[in-house]
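Now for the letters of each chain:
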Amino acid sequence: MHTKTMEGLVGASTNMKQLNTPMRVFKEARRKGDTAKMDRAMDYVSDFSGKVDEYQKKADEGMKEEAEELKKKEELEREKAIEKRREEKEKLEERIEGSRNIQADTVQVSEEGKILLKDAVTSDKQITGTEAVKPDMGKEPVIYTETGEVSQMGEGSNISISV
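What comes next is a walk through the structure. (Residues numbered from 1 in each chain as written. Predicted model: local features only at pLDDT ≥ 70, side-chain atom pairs only at ≥ 80, totals over all residues. Heavy atoms only, no water.)

This paragraph deals with the overall build of the chain. If you tally the helices and strands in the chain, you get three helices and zero strands. Beginning at the N terminus, the succession of helices and strands in the chain can be written as α-α-α. Within the chain, the proportion of its 163 residues that are buried is 11%. Here the analysis covers contacts within the chain between residues at least 6 apart in sequence; of these, 54% occur between residues at least 24 apart. As displayed, the chain has an accessible area near 14800 Å², and 53% of this comes from carbon and sulfur atoms. (Helix = DSSP H or I, 4+ residues; strand = E, 2+ residues; numbered from the N terminus. Buried < 20%, exposed > 50% of the residue type's maximum accessible area, 1.4 Å probe, protein only. Contact = heavy atoms within 4.5 Å. Areas by Shrake-Rupley, 256 points an atom, 1.4 Å probe, with all protein chains shown as cover.)

Take a nonpolar patch on the surface next. A surface patch of nonpolar side chains, about 330 Å² in accessible area, is lined by Met-1, Met-6 and Leu-9. Looking at where Leu-9 falls in the secondary structure, it is placed in helix H1 (residues 3-32). (Patch = residues over 30% accessible without salt bridge, like charges linked within 9 Å, V, L, I, M, F, W, Y side chains within 5 Å. Salt bridge = Lys/Arg side-chain N within 4 Å of Asp/Glu carboxyl O.)

In this fold, Lys-58 is placed in helix H2 (residues 35-101). Overall, the relative accessible area of 28% leaves Lys-58 in the partly exposed class. Linking Lys-58 and Glu-7, residues 51 residues apart in sequence, is a C-alpha distance of 7.7 Å. The residues touching Lys-58, leaving out its near neighbours within four places in the chain, are Lys-4, Glu-7 and Gly-8. A polar atom in the side chain of Lys-58 sits 2.6 Å from the side chain of Glu-7. (Polar contact = N/O pair within 3.5 Å; in protein donor to acceptor, adjacent residues only side chain to side chain.)

In this structure, Asn-15 sits in helix H1. At a separation of 2.9 Å, a polar atom in the side chain of Asn-15 contacts the main-chain carbonyl oxygen of Gly-11. Setting aside residues up to four positions removed in sequence, Asn-15 forms contacts with Phe-48, Lys-51, Val-52 and Tyr-55.

On inspection of all chains with the given rule, the structure shows seven salt bridges. Glu-7 is paired through a salt bridge with Lys-58; the nearest N and O atoms lie 2.6 Å apart. On the criterion of sequence distance, the pair formed by Glu-7 in helix H1 and Lys-58 in helix H2 is long-range, its members being 51 residues apart. According to the relative accessible area criterion, Glu-7 is partly exposed, its value standing at 37%. For Arg-86, the salt bridge identified is with Glu-83, shortest N-O distance 3.3 Å. Taken together, the residues span about one helical turn, with Arg-86 and Glu-83 both in helix H2 at a distance of three residues. What makes Arg-86 partly exposed here is its relative accessible area of 45%.

Everything listed here is a matter of geometry and, on its own, says nothing about what the molecule does.
Shown next, in the form of structure tokens:
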């Protein structure tokens, strides 16, 4: 809460409470018919009510200043958030652009490989009459160990799995 606002509210509250005493004196003097005492009490009542108005104006000014400060603060936060989003967008665009520019691995087949491929296609064409290249299926399946070496399993070894 703004300082002016607090000062205004406390001052107005205090003067409102102090206003009760001269009002009580005024009512008592009216019952007795003492007009001089009534006039003095009303002077005090008007003084305290004037101070209440002054403090109320001070509290209003404080609330206006506080509202302006909050608006400025919100505007700064909004600008910071917009700038942060703009930076994030630029980073994302850079990342996307970078991923587009990544060149994929290329395979280059040597002249010998081209000749071997052509020979394989022509020999398969002569045998089957098609141009499709079939993989060599004559090899036995191989099992590799954790180190990457070929595991030697005998033909007679039995593997049993119990669940």
